Amino acid sequence: HPAESARRESEQVGRLSLREREILRMVASGYTSTEVGSRLLISAMTVNTHLRNIYRKLQVRTRAQAVRFASLRGLF
């Protein structure tokens, strides 16, 4: 059912923390993990940990898939 699929996707997006959304927006803008980290005053390793959590929550495997998922659903 399309309605059920839309509800599930909205729940997936809703699971993202504010920090994860912020990082996903920056990644979508083309920033590397190192650049995101320096702007947010966290390490690139921490950025990558957030990205792994984002992938798990959105059920995707790559940066490109995460960005596409979020942009198609109006996250930014």
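What this report covers is the structure whose coordinates are included nearby. (Residues numbered from 1 in each chain as written. Predicted model: local features only at pLDDT ≥ 70, side-chain atom pairs only at ≥ 80, totals over all residues. Heavy atoms only, no water.)

Some details on unusual backbone geometry
Here is step 1: Although it is not a glycine, Leu-41 adopts a positive phi angle of roughly 60°.
Here is step 2: One can find Leu-41 in the loop between α3 (33-40) and α4 (44-58).
Here is step 3: Despite not being glycine, Gln-59 shows a phi value in the positive range, around 60°.
Here is step 4: Along the chain, the position of Gln-59 falls in the loop between α4 and α5 (63-72).
Here is step 5: Gln-59 gets classed as exposed once you look at its relative accessible area, which sits at 65%. (Helix = DSSP H or I, 4+ residues; strand = E, 2+ residues; numbered from the N terminus. Buried < 20%, exposed > 50% of the residue type's maximum accessible area, 1.4 Å probe, protein only.)

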